Amino acid sequence: MKPDIIIIGGGMAGAAAAIAAKNKGADVTLIRKGYGSTALSSGAFDILDTSRDINSLNKRHPYRIVGQRGFSVFKEKLNNFLKDIKSEELYIDGSINKDATLVSIAGTFKDTNLCQRSICEGKLTGLKDAKILFFGIRGFAGFNPKHCCRLFKEANEKDNLLIKKIDYTLVEFPGHEGETFPSPFILAMRLDDKSAMGKFISIINKAARKNGYTHLGFPPMLGLRKTAEAVKELEASTDRKIFELLPLLPSVPGFRLQMTLNGLLNKKGINIIEGEVIKAEIRDGIIESLSLKRKNGLSELKAKNFILATGRWAGGKAIKKNGIYEPIFDLPIFEKERIAEIKDVADYLDSYVLESHPLLSVGIRVDSRLQPVNENNDVVYKNLFAAGSILGGYNYLIDQCGLGAAFLTGHLAGKYAGEGKE
Ligand SMILES: Cc1cc2nc3c(=O)[nH]c(=O)nc-3n(C[C@H](O)[C@H](O)[C@H](O)COP(=O)(O)OP(=O)(O)OC[C@H]3O[C@@H](n4cnc5c(N)ncnc54)[C@H](O)[C@@H]3O)c2cc1C
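Residues numbered from 1 in each chain as written. Predicted model: local features only at pLDDT ≥ 70, side-chain atom pairs only at ≥ 80, totals over all residues. Heavy atoms only, no water.

### A look at the overall build of the protein
Counting secondary structure elements, the protein contains 14 helices and 20 strands. Taking 22 Å as the expected radius of gyration for a compact globule of 422 residues, we find that the protein reaches 23 Å, a close match to that expectation. Seen through its principal axes, the protein has C-alpha atoms that stretch 75 × 45 × 40 Å. The 422 residues of the protein split such that 55% are buried. Long-range pairs, those at least 24 residues apart, make up 68% of the contacts in the protein between residues at least 6 apart in sequence. Total accessible area on the protein is roughly 19,000 Å²; 49% of this is exposed by carbon and sulfur atoms. If you average the places of the 60 positive and of the 49 negative side-chain charges in the protein, the two averages end up 3 Å apart. (Helix = DSSP H or I, 4+ residues; strand = E, 2+ residues; numbered from the N terminus. Rg over C-alpha atoms; globule rule 2.2 N^0.38 Å. Buried < 20%, exposed > 50% of the residue type's maximum accessible area, 1.4 Å probe, protein only. Contact = heavy atoms within 4.5 Å. Areas by Shrake-Rupley, 256 points an atom, 1.4 Å probe, with all protein chains shown as cover. Lys, Arg positive; Asp, Glu negative; His and termini not counted. Charge placed at Lys NZ, Arg CZ, Asp CG, Glu CD.)

### Digging into the sheet that holds strand β20 (residues 384-386)
Pairing in this open sheet of five strands is parallel, and the strands run β11-β2-β1-β15-β20 from one edge to the other. Every other strand in the sheet has two partners, leaving β11 (271-274) and β20 as the edge strands with one partner each. Pairwise comparison of adjacent strand axes, ignoring direction, gives a mean angle of 20° for this sheet. As paired elements, strand β2 (residues 28-32) and β11 share four bridges and run parallel to each other. (Pairing = 2+ DSSP bridges. Axes fitted to C-alpha atoms, helices over the stretch in contact; angles between N-to-C directions.)

### Thoughts on the site of the ligand
Close contacts around the ligand come from 35 residues, with Ser37, Thr38, Ser42, Ala44 and Leu403 the closest. The contact in question runs from an oxygen atom of the ligand to an N or O atom on the backbone of Met12, over 3.2 Å. Between the ligand and Ser37 there is a distance of 2.8 Å, counted from an oxygen atom to a backbone nitrogen or oxygen. When the ligand sits alone it has 1,000 Å² of accessible area, and the protein chains cover 91% of it. Mapped onto the shell around the ligand, the elements with two or more residues apiece are α1 (12-23), β2, α2 (37-40), β12 (276-283) and α14 (402-417). The greatest single-element share of the shell around the ligand, amounting to three residues, is contributed by α14. (Near = heavy atom within 4 Å. Polar contact = N/O pair within 3.5 Å; in protein donor to acceptor, adjacent residues only side chain to side chain.)

### Topic: the sheet that holds strand β13 (residues 286-294)
Taken together, three strands build an open sheet; the order of strands is β12-β13-β14 and the sheet is antiparallel. What marks the edges here is a single partner per strand, and that holds for β12 and β14 (297-302). Geometrically, the sheet is characterised by an average inter-axis angle of 25° between neighbouring strands, direction not taken into account.

### Some words on the domain arrangement of the protein
Taken domain by domain, the protein holds domain 1 (5-90 + 256-417) and domain 2 (123-244). Taking only C-alpha atoms into account, the centre of domain 1 sits 35 Å from that of domain 2. (Domains from an automatic or database assignment.)

### Considerations on the nonpolar core
Core analysis: the largest hydrophobic core is formed by 81 residues, its most contacted members being Tyr63, Phe81, Leu290, Leu308 and Phe329. At nine residues, the largest contribution of residues to this core is made by α14. Those residues within four positions of Phe81 in sequence are excluded, and the remaining contacts are Met12, Phe45, Leu261, Leu264 and Phe407. By size, the runner-up hydrophobic cluster in this structure holds 41 residues, among which are Leu133, Leu216, Phe218 and Ala230. (Core = buried A, V, L, I, M, F, W, Y, C linked by side-chain atoms within 4.5 Å.)

### Section: helix α11 (residues 252-267)
The end-to-end C-alpha distance of α11 is 22 Å, a good match for the 22 Å that 16 residues give at a rise of 1.5 Å each. α11 sits mainly inside the fold: 13 of its 16 residues count as buried. Sitting at the amino-terminal end of α11 is Ser251, which places a side-chain oxygen 2.9 Å from the backbone nitrogen of Gly254. Phi for Gly269, located one or two positions after α11, is positive at around 80°. (Expected span 1.5 Å × (residues − 1).)

### Some thoughts on the packing of aromatic side chains
If you walk through the whole model with that rule in mind, you get 16 aromatic pairs. Members of the aromatic cluster, connected to one another through ring pairs, are Phe45, Tyr63, Phe71, Phe74, Phe81 and Phe407. (Phe/Tyr/Trp six-rings, centres within 6.5 Å; stacked < 30°, edge-to-face > 60°.)

### A look at unusual backbone geometry
Of the consecutive residues Leu249 and Pro250, the connecting peptide bond is found in the cis state with omega at -5°. With respect to the helices, strands and loops of the structure, Pro250 is situated in the loop between β10 (241-244) and α11. For Glu89, which is not glycine, the phi torsion reads 70° and is therefore positive. Tracing the sequence through the fold places Glu89 in the loop between α5 (74-86) and β3 (92-94). Among the residues examined, Glu89 registers a relative accessible area of 47% and is labelled partly exposed. Phi at Leu162 takes a positive value of approximately 65°, unusual for a residue other than glycine.

### Topic: the pattern of salt bridges
Tallied over the entire structure, the rule returns 21 salt bridges. Here Glu179 and Arg190 are joined by a salt bridge, their closest N and O atoms 3.7 Å apart. One end of the pair, Glu179, is in the loop between β8 (165-171) and α8 (184-191); the other, Arg190, is in helix α8, with eleven residues separating them in the sequence. Looking at Glu179, the relative accessible area reads 34%, which means it is partly exposed. Since its relative accessible area comes to 26%, Arg190 is described here as partly exposed. Three or more residues are tied together by salt bridges with common partners; here these are Lys59, Arg60, Glu337 and Arg365. (Salt bridge = Lys/Arg side-chain N within 4 Å of Asp/Glu carboxyl O.)

### Examining the environment of Phe71
Within the secondary structure, Phe71 is located in helix α4 (residues 67-71). Measuring from C-alpha to C-alpha, the distance between Phe71 and Val277 comes to 30 Å, with 206 residues separating the pair along the chain. The contacts of Phe71, once residues within four sequence positions are left out, are Ile54, Tyr63, Val66 and Leu408.

Okay, here's the thing in C-alpha coordinates:
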(Lines give C-alpha, C1' and ligand atoms only; values in the text may rest on other atoms or scores of the structure.)
Protein backbone atom coordinates (compact mmCIF):
# COMPACT_ATOMS: atom_id res chain seq x y z
CA MET A 1 0.00 0.00 0.00
CA LYS A 2 1.36 3.45 -0.78
CA PRO A 3 2.19 5.62 2.26
CA ASP A 4 0.74 9.11 2.61
CA ILE A 5 4.18 10.66 2.98
CA ILE A 6 7.69 9.62 2.04
CA ILE A 7 10.56 11.42 3.76
CA ILE A 8 14.00 11.23 2.19
CA GLY A 9 16.65 11.58 4.90
CA GLY A 10 17.00 10.25 8.43
CA GLY A 11 18.85 13.08 10.22
CA MET A 12 17.33 15.63 12.57
CA ALA A 13 15.13 17.24 9.87
CA GLY A 14 13.82 13.94 8.49
CA ALA A 15 13.14 12.58 11.97
CA ALA A 16 11.32 15.73 13.13
CA ALA A 17 9.26 15.70 9.91
CA ALA A 18 8.38 12.03 10.33
CA ILE A 19 7.22 12.51 13.92
CA ALA A 20 5.14 15.60 13.09
CA ALA A 21 3.48 13.91 10.10
CA LYS A 22 2.80 10.77 12.12
CA ASN A 23 1.25 12.87 14.88
CA LYS A 24 -1.10 14.25 12.21
CA GLY A 25 -2.25 10.70 11.54
CA ALA A 26 -0.33 10.17 8.30
CA ASP A 27 1.16 6.87 7.25
CA VAL A 28 4.87 7.72 6.99
CA THR A 29 7.83 6.01 5.34
CA LEU A 30 11.35 7.37 5.85
CA ILE A 31 14.15 6.45 3.46
CA ARG A 32 17.76 6.99 4.38
CA LYS A 33 20.96 5.94 2.71
CA GLY A 34 23.01 6.34 5.88
CA TYR A 35 23.82 8.92 8.53
CA GLY A 36 24.67 12.54 7.86
CA SER A 37 25.58 15.68 9.79
CA THR A 38 23.28 14.92 12.71
CA ALA A 39 25.46 11.93 13.61
CA LEU A 40 28.61 14.01 13.11
CA SER A 41 27.45 16.98 15.18
CA SER A 42 28.50 17.63 18.75
CA GLY A 43 24.96 16.67 19.77
CA ALA A 44 24.57 20.10 21.39
CA PHE A 45 21.55 21.96 20.00
CA ASP A 46 22.39 25.32 18.50
CA ILE A 47 19.11 27.13 18.10
CA LEU A 48 20.06 30.76 17.90
CA ASP A 49 22.54 33.12 19.45
CA THR A 50 20.19 34.57 22.08
CA SER A 51 21.57 38.08 21.63
CA ARG A 52 20.01 38.08 18.15
CA ASP A 53 16.49 38.83 17.09
CA ILE A 54 15.21 36.62 14.28
CA ASN A 55 14.45 39.75 12.28
CA SER A 56 18.16 40.53 12.20
CA LEU A 57 18.82 37.31 10.28
CA ASN A 58 19.18 37.13 6.52
CA LYS A 59 15.71 37.33 4.93
CA ARG A 60 16.17 33.85 3.43
CA HIS A 61 17.04 32.31 6.78
CA PRO A 62 14.58 29.45 7.50
CA TYR A 63 13.47 31.13 10.78
CA ARG A 64 12.41 34.20 8.82
CA ILE A 65 10.87 32.20 6.01
CA VAL A 66 8.55 30.28 8.35
CA GLY A 67 7.67 33.63 9.94
CA GLN A 68 6.77 34.52 13.52
CA ARG A 69 3.87 32.06 13.34
CA GLY A 70 6.12 29.16 12.43
CA PHE A 71 8.83 30.21 14.88
CA SER A 72 6.33 30.62 17.73
CA VAL A 73 5.71 26.86 17.98
CA PHE A 74 9.43 26.19 18.47
CA LYS A 75 9.51 26.12 22.25
CA GLU A 76 6.45 23.93 22.72
CA LYS A 77 7.40 21.44 20.00
CA LEU A 78 11.00 21.26 21.14
CA ASN A 79 9.87 20.56 24.72
CA ASN A 80 7.63 17.73 23.49
CA PHE A 81 10.52 16.36 21.46
CA LEU A 82 12.87 16.50 24.47
CA LYS A 83 10.31 14.56 26.51
CA ASP A 84 10.12 11.98 23.73
CA ILE A 85 13.86 11.48 23.57
CA LYS A 86 14.06 11.30 27.35
CA SER A 87 11.92 8.19 27.08
CA GLU A 88 14.79 6.81 24.97
CA GLU A 89 17.25 7.57 27.81
CA LEU A 90 18.86 10.64 26.21
CA TYR A 91 18.62 13.60 28.56
CA ILE A 92 19.05 17.05 27.09
CA ASP A 93 19.16 20.17 29.25
CA GLY A 94 19.10 23.87 28.49
CA SER A 95 16.78 26.39 27.00
CA ILE A 96 15.97 27.95 23.66
CA ASN A 97 16.29 31.37 25.34
CA LYS A 98 19.66 30.84 26.93
CA ASP A 99 23.21 30.31 25.74
CA ALA A 100 25.61 27.96 27.47
CA THR A 101 29.34 28.10 26.87
CA LEU A 102 30.96 24.69 26.70
CA VAL A 103 34.51 23.51 26.22
CA SER A 104 35.59 21.11 23.49
CA ILE A 105 38.23 18.39 23.77
CA ALA A 106 40.54 20.75 21.89
CA GLY A 107 40.16 23.31 24.71
CA THR A 108 38.14 25.70 22.53
CA PHE A 109 34.83 27.28 23.59
CA LYS A 110 31.44 26.96 21.96
CA ASP A 111 28.16 28.70 22.73
CA THR A 112 25.06 26.61 22.37
CA ASN A 113 21.51 26.43 23.73
CA LEU A 114 20.95 22.85 24.82
CA CYS A 115 23.30 19.98 25.51
CA GLN A 116 23.32 16.38 26.61
CA ARG A 117 23.06 15.84 30.35
CA SER A 118 26.50 14.18 30.38
CA ILE A 119 28.00 17.42 29.03
CA CYS A 120 26.06 20.14 30.80
CA GLU A 121 27.93 20.10 34.14
CA GLY A 122 30.82 21.51 32.11
CA LYS A 123 29.00 24.76 31.32
CA LEU A 124 31.32 27.65 32.15
CA THR A 125 28.67 29.37 34.27
CA GLY A 126 28.58 26.34 36.58
CA LEU A 127 32.34 26.18 37.08
CA LYS A 128 32.86 29.19 39.33
CA ASP A 129 34.97 28.03 42.33
CA ALA A 130 35.28 24.55 40.77
CA LYS A 131 38.31 22.32 41.20
CA ILE A 132 38.49 20.31 38.00
CA LEU A 133 40.41 17.17 37.22
CA PHE A 134 40.52 16.19 33.54
CA PHE A 135 41.01 12.55 32.67
CA GLY A 136 42.96 11.44 29.63
CA ILE A 137 43.00 7.78 28.64
CA ARG A 138 46.37 6.23 27.92
CA GLY A 139 46.48 5.07 24.29
CA PHE A 140 43.65 7.40 23.20
CA ALA A 141 45.28 10.17 21.20
CA GLY A 142 41.95 11.88 20.44
CA PHE A 143 42.19 13.85 23.67
CA ASN A 144 45.28 15.57 24.99
CA PRO A 145 44.40 16.55 28.58
CA LYS A 146 47.61 18.53 29.06
CA HIS A 147 46.87 20.78 26.10
CA CYS A 148 43.21 21.15 27.08
CA CYS A 149 44.25 22.03 30.63
CA ARG A 150 46.65 24.69 29.41
CA LEU A 151 44.02 26.39 27.23
CA PHE A 152 41.50 26.18 30.03
CA LYS A 153 43.94 27.79 32.46
CA GLU A 154 44.67 30.58 29.99
CA ALA A 155 40.94 31.26 29.52
CA ASN A 156 40.42 31.13 33.27
CA GLU A 157 42.92 33.94 33.74
CA LYS A 158 42.00 35.98 30.70
CA ASP A 159 38.23 35.82 31.15
CA ASN A 160 38.26 35.73 34.94
CA LEU A 161 36.21 32.53 35.08
CA LEU A 162 37.05 32.10 38.79
CA ILE A 163 37.79 28.39 38.51
CA LYS A 164 39.95 27.48 41.51
CA LYS A 165 41.94 24.57 40.19
CA ILE A 166 42.50 22.85 36.82
CA ASP A 167 44.51 19.64 36.72
CA TYR A 168 44.77 16.58 34.56
CA THR A 169 45.74 12.99 34.93
CA LEU A 170 46.15 9.98 32.66
CA VAL A 171 44.57 6.64 33.47
CA GLU A 172 44.69 3.20 31.86
CA PHE A 173 41.52 1.82 30.36
CA PRO A 174 40.86 -1.23 32.55
CA GLY A 175 41.41 -4.60 30.92
CA HIS A 176 43.07 -3.00 27.87
CA GLU A 177 46.29 -1.59 29.36
CA GLY A 178 48.96 -0.84 26.76
CA GLU A 179 46.46 -0.82 23.87
CA THR A 180 45.84 2.08 21.52
CA PHE A 181 42.34 3.35 20.82
CA PRO A 182 41.99 4.99 17.42
CA SER A 183 38.43 6.11 18.07
CA PRO A 184 36.41 7.23 21.12
CA PHE A 185 33.65 4.87 19.93
CA ILE A 186 35.71 1.89 21.07
CA LEU A 187 35.93 3.31 24.58
CA ALA A 188 32.27 4.35 24.65
CA MET A 189 31.02 0.96 23.50
CA ARG A 190 33.19 -0.80 26.09
CA LEU A 191 31.76 1.37 28.85
CA ASP A 192 28.23 0.27 27.93
CA ASP A 193 29.24 -3.02 29.51
CA LYS A 194 28.39 -3.00 33.20
CA SER A 195 31.48 -4.84 34.40
CA ALA A 196 33.86 -2.63 32.34
CA MET A 197 32.09 0.41 33.74
CA GLY A 198 32.51 -0.92 37.30
CA LYS A 199 36.29 -1.32 36.80
CA PHE A 200 36.53 2.12 35.18
CA ILE A 201 34.70 3.71 38.11
CA SER A 202 37.11 2.21 40.63
CA ILE A 203 40.12 3.63 38.70
CA ILE A 204 38.49 7.06 38.51
CA ASN A 205 37.56 6.92 42.17
CA LYS A 206 41.14 6.34 43.21
CA ALA A 207 42.49 9.24 41.13
CA ALA A 208 39.73 11.66 42.09
CA ARG A 209 39.92 11.28 45.84
CA LYS A 210 42.84 13.67 46.37
CA ASN A 211 42.93 17.46 46.30
CA GLY A 212 39.25 18.13 46.95
CA TYR A 213 38.20 18.10 43.30
CA THR A 214 34.60 19.13 42.69
CA HIS A 215 34.35 18.27 38.98
CA LEU A 216 35.75 15.45 36.87
CA GLY A 217 36.05 16.12 33.13
CA PHE A 218 36.25 13.41 30.46
CA PRO A 219 36.52 13.23 26.70
CA PRO A 220 33.10 12.31 25.29
CA MET A 221 33.29 8.55 25.76
CA LEU A 222 31.04 7.77 28.73
CA GLY A 223 28.97 5.12 26.95
CA LEU A 224 27.07 5.10 23.71
CA ARG A 225 23.69 3.77 24.81
CA LYS A 226 24.05 3.73 28.59
CA THR A 227 25.47 7.18 29.21
CA ALA A 228 22.79 8.30 31.66
CA GLU A 229 23.48 5.24 33.80
CA ALA A 230 27.27 5.68 33.54
CA VAL A 231 27.18 9.33 34.63
CA LYS A 232 24.81 8.58 37.49
CA GLU A 233 27.03 5.78 38.79
CA LEU A 234 30.20 7.85 38.42
CA GLU A 235 28.63 10.76 40.29
CA ALA A 236 27.28 8.56 43.05
CA SER A 237 30.51 6.71 43.59
CA THR A 238 32.93 9.66 43.37
CA ASP A 239 30.62 12.26 44.90
CA ARG A 240 31.87 14.70 42.24
CA LYS A 241 30.17 16.40 39.33
CA ILE A 242 30.91 14.60 36.09
CA PHE A 243 31.04 16.10 32.64
CA GLU A 244 32.13 15.21 29.16
CA LEU A 245 33.82 17.80 26.98
CA LEU A 246 32.29 18.59 23.61
CA PRO A 247 33.61 16.33 20.86
CA LEU A 248 35.40 17.02 17.64
CA LEU A 249 35.10 14.34 14.97
CA PRO A 250 34.27 11.51 15.28
CA SER A 251 31.49 12.45 17.69
CA VAL A 252 30.15 9.99 20.22
CA PRO A 253 27.42 12.44 21.42
CA GLY A 254 26.34 13.09 17.80
CA PHE A 255 25.97 9.35 17.26
CA ARG A 256 24.08 9.04 20.54
CA LEU A 257 21.64 11.61 19.24
CA GLN A 258 21.24 9.78 15.93
CA MET A 259 20.73 6.43 17.70
CA THR A 260 18.09 8.04 19.91
CA LEU A 261 16.26 9.44 16.86
CA ASN A 262 16.32 5.97 15.30
CA GLY A 263 14.83 4.45 18.47
CA LEU A 264 12.14 7.11 18.58
CA LEU A 265 11.17 6.61 14.93
CA ASN A 266 10.79 2.88 15.53
CA LYS A 267 8.71 3.49 18.63
CA LYS A 268 6.40 5.87 16.75
CA GLY A 269 5.74 3.20 14.12
CA ILE A 270 7.48 4.96 11.25
CA ASN A 271 8.45 2.63 8.46
CA ILE A 272 12.19 2.99 7.80
CA ILE A 273 13.80 1.85 4.56
CA GLU A 274 17.57 1.76 4.15
CA GLY A 275 18.34 2.73 0.58
CA GLU A 276 19.26 5.56 -1.75
CA VAL A 277 16.69 7.54 -3.70
CA ILE A 278 18.24 8.10 -7.08
CA LYS A 279 15.53 9.82 -9.10
CA ALA A 280 11.90 10.85 -9.23
CA GLU A 281 9.12 10.31 -11.74
CA ILE A 282 7.28 13.58 -12.24
CA ARG A 283 4.14 14.39 -14.26
CA ASP A 284 2.46 17.81 -14.62
CA GLY A 285 4.32 19.27 -11.67
CA ILE A 286 3.39 16.35 -9.38
CA ILE A 287 5.88 13.82 -8.09
CA GLU A 288 4.46 10.37 -8.73
CA SER A 289 7.17 8.02 -7.54
CA LEU A 290 10.78 7.62 -6.47
CA SER A 291 13.37 5.15 -7.68
CA LEU A 292 15.05 3.50 -4.77
CA LYS A 293 18.37 1.69 -4.92
CA ARG A 294 18.80 -1.01 -2.29
CA LYS A 295 21.17 -3.93 -1.81
CA ASN A 296 18.71 -6.21 -3.62
CA GLY A 297 18.17 -3.92 -6.60
CA LEU A 298 15.97 -1.07 -7.77
CA SER A 299 12.37 -0.49 -6.79
CA GLU A 300 9.72 2.18 -7.19
CA LEU A 301 7.87 3.87 -4.35
CA LYS A 302 4.75 6.01 -4.62
CA ALA A 303 3.25 8.43 -2.09
CA LYS A 304 0.90 11.39 -1.92
CA ASN A 305 3.44 13.88 -0.53
CA PHE A 306 7.24 13.88 -0.29
CA ILE A 307 9.66 15.63 2.06
CA LEU A 308 13.24 16.24 1.02
CA ALA A 309 15.56 16.23 4.05
CA THR A 310 18.79 15.04 2.47
CA GLY A 311 21.13 17.41 4.31
CA ARG A 312 23.85 19.71 3.13
CA TRP A 313 26.69 17.44 2.16
CA ALA A 314 25.18 14.09 3.13
CA GLY A 315 23.58 13.92 -0.32
CA GLY A 316 21.31 16.96 -0.42
CA LYS A 317 23.69 18.92 -2.56
CA ALA A 318 26.09 17.09 -4.70
CA ILE A 319 29.25 18.83 -5.77
CA LYS A 320 30.77 18.26 -9.13
CA LYS A 321 33.89 19.98 -10.24
CA ASN A 322 31.76 22.27 -12.37
CA GLY A 323 28.95 23.09 -9.96
CA ILE A 324 26.47 22.19 -7.29
CA TYR A 325 23.15 20.51 -7.92
CA GLU A 326 20.31 18.77 -6.10
CA PRO A 327 20.47 15.23 -7.41
CA ILE A 328 16.94 13.81 -6.92
CA PHE A 329 14.50 16.47 -8.18
CA ASP A 330 17.02 18.77 -9.88
CA LEU A 331 15.77 21.70 -7.79
CA PRO A 332 17.45 25.05 -8.36
CA ILE A 333 20.29 25.84 -5.96
CA PHE A 334 20.53 29.46 -4.85
CA GLU A 335 23.50 31.54 -3.81
CA LYS A 336 22.08 34.58 -2.04
CA GLU A 337 19.29 35.93 -4.30
CA ARG A 338 20.35 34.19 -7.47
CA ILE A 339 20.60 30.73 -8.87
CA ALA A 340 24.11 29.64 -7.99
CA GLU A 341 26.55 29.86 -10.82
CA ILE A 342 29.44 28.04 -9.33
CA LYS A 343 31.69 27.28 -12.25
CA ASP A 344 34.53 25.69 -10.38
CA VAL A 345 34.09 24.62 -6.79
CA ALA A 346 37.87 24.74 -6.32
CA ASP A 347 37.72 28.57 -6.53
CA TYR A 348 35.64 28.67 -3.38
CA LEU A 349 37.74 26.15 -1.56
CA ASP A 350 40.89 28.10 -2.39
CA SER A 351 39.60 31.27 -0.81
CA TYR A 352 38.22 29.75 2.34
CA VAL A 353 37.02 32.46 4.68
CA LEU A 354 34.57 31.23 7.28
CA GLU A 355 32.72 34.52 7.58
CA SER A 356 31.71 34.68 3.96
CA HIS A 357 32.13 31.19 2.65
CA PRO A 358 29.32 30.93 0.09
CA LEU A 359 29.33 27.15 -0.05
CA LEU A 360 28.00 27.08 3.51
CA SER A 361 24.82 28.96 2.68
CA VAL A 362 23.95 27.89 -0.85
CA GLY A 363 20.93 25.64 -1.06
CA ILE A 364 17.36 25.30 -2.21
CA ARG A 365 14.79 28.02 -1.60
CA VAL A 366 11.37 27.37 -0.05
CA ASP A 367 8.19 29.35 0.64
CA SER A 368 6.63 29.77 4.08
CA ARG A 369 5.03 26.30 3.85
CA LEU A 370 8.45 24.84 3.14
CA GLN A 371 7.72 24.00 -0.49
CA PRO A 372 10.68 24.42 -2.85
CA VAL A 373 10.30 27.37 -5.21
CA ASN A 374 12.06 28.59 -8.35
CA GLU A 375 13.60 32.03 -9.04
CA ASN A 376 10.09 33.49 -9.54
CA ASN A 377 9.05 32.09 -6.16
CA ASP A 378 6.63 29.64 -7.80
CA VAL A 379 6.25 26.26 -6.13
CA VAL A 380 8.21 23.75 -8.21
CA TYR A 381 6.28 20.56 -7.37
CA LYS A 382 2.86 20.67 -5.74
CA ASN A 383 3.48 17.71 -3.44
CA LEU A 384 7.08 18.36 -2.37
CA PHE A 385 8.26 19.92 0.92
CA ALA A 386 11.83 20.37 2.15
CA ALA A 387 13.58 20.80 5.49
CA GLY A 388 16.94 20.91 7.23
CA SER A 389 20.33 21.83 5.95
CA ILE A 390 19.40 21.26 2.28
CA LEU A 391 17.81 24.72 2.60
CA GLY A 392 19.94 27.68 1.59
CA GLY A 393 20.00 31.23 2.91
CA TYR A 394 21.75 30.53 6.19
CA ASN A 395 25.10 29.54 7.54
CA TYR A 396 24.53 27.39 10.59
CA LEU A 397 28.05 27.93 11.87
CA ILE A 398 27.73 31.70 12.01
CA ASP A 399 24.02 31.87 12.88
CA GLN A 400 24.47 29.09 15.48
CA CYS A 401 21.34 27.20 14.54
CA GLY A 402 22.33 23.82 12.97
CA LEU A 403 20.18 21.29 14.77
CA GLY A 404 17.63 23.96 15.76
CA ALA A 405 16.85 24.97 12.16
CA ALA A 406 16.77 21.30 11.10
CA PHE A 407 14.32 20.51 13.91
CA LEU A 408 11.97 23.45 13.31
CA THR A 409 11.82 23.17 9.51
CA GLY A 410 11.51 19.37 9.81
CA HIS A 411 8.64 19.70 12.23
CA LEU A 412 6.81 22.25 10.07
CA ALA A 413 7.39 20.37 6.81
CA GLY A 414 5.95 17.22 8.44
CA LYS A 415 2.98 19.19 9.71
CA TYR A 416 2.22 20.84 6.35
CA ALA A 417 2.71 17.62 4.38
CA GLY A 418 0.43 15.78 6.81
CA GLU A 419 -2.35 18.34 6.76
CA GLY A 420 -5.78 16.92 6.10
CA LYS A 421 -4.90 13.70 7.90
CA GLU A 422 -6.15 14.65 11.38
C1 LIG B 1 30.95 18.28 11.73
C2 LIG B 1 29.67 18.98 12.05
C3 LIG B 1 29.45 19.43 13.35
C4 LIG B 1 28.25 20.07 13.66
N5 LIG B 1 28.03 20.46 14.95
C6 LIG B 1 26.84 21.01 15.29
C7 LIG B 1 26.56 21.32 16.63
O8 LIG B 1 27.37 21.15 17.51
N9 LIG B 1 25.34 21.84 16.93
C10 LIG B 1 24.39 22.06 15.98
O11 LIG B 1 23.29 22.52 16.31
N12 LIG B 1 24.63 21.76 14.69
C13 LIG B 1 25.81 21.24 14.31
N14 LIG B 1 26.07 20.93 13.01
C15 LIG B 1 25.02 21.18 12.01
C16 LIG B 1 23.91 20.12 12.12
O17 LIG B 1 24.49 18.87 12.38
C18 LIG B 1 23.10 20.06 10.84
O19 LIG B 1 22.63 21.34 10.50
C20 LIG B 1 21.90 19.13 10.98
O21 LIG B 1 22.27 17.91 11.56
C22 LIG B 1 21.28 18.89 9.62
O23 LIG B 1 20.31 17.89 9.71
P24 LIG B 1 19.62 17.34 8.42
O25 LIG B 1 18.59 16.35 8.86
O26 LIG B 1 19.20 18.45 7.54
O27 LIG B 1 20.77 16.57 7.59
P28 LIG B 1 21.63 15.26 7.92
O29 LIG B 1 21.71 14.97 9.36
O30 LIG B 1 22.88 15.43 7.14
O31 LIG B 1 20.76 14.09 7.28
C32 LIG B 1 20.68 13.86 5.90
C33 LIG B 1 20.06 12.49 5.67
O34 LIG B 1 19.73 12.35 4.28
C35 LIG B 1 20.15 11.06 3.85
N36 LIG B 1 20.27 11.12 2.38
C37 LIG B 1 20.98 12.01 1.64
N38 LIG B 1 20.78 11.74 0.33
C39 LIG B 1 19.93 10.67 0.26
C40 LIG B 1 19.36 9.91 -0.81
N41 LIG B 1 19.61 10.21 -2.10
N42 LIG B 1 18.55 8.85 -0.52
C43 LIG B 1 18.29 8.54 0.78
N44 LIG B 1 18.81 9.24 1.84
C45 LIG B 1 19.60 10.27 1.57
C46 LIG B 1 21.45 10.85 4.62
O47 LIG B 1 21.84 9.50 4.58
C48 LIG B 1 21.00 11.34 6.01
O49 LIG B 1 20.25 10.31 6.65
C50 LIG B 1 27.27 20.30 12.65
C51 LIG B 1 27.50 19.85 11.35
C52 LIG B 1 28.67 19.20 11.04
C53 LIG B 1 28.90 18.71 9.63
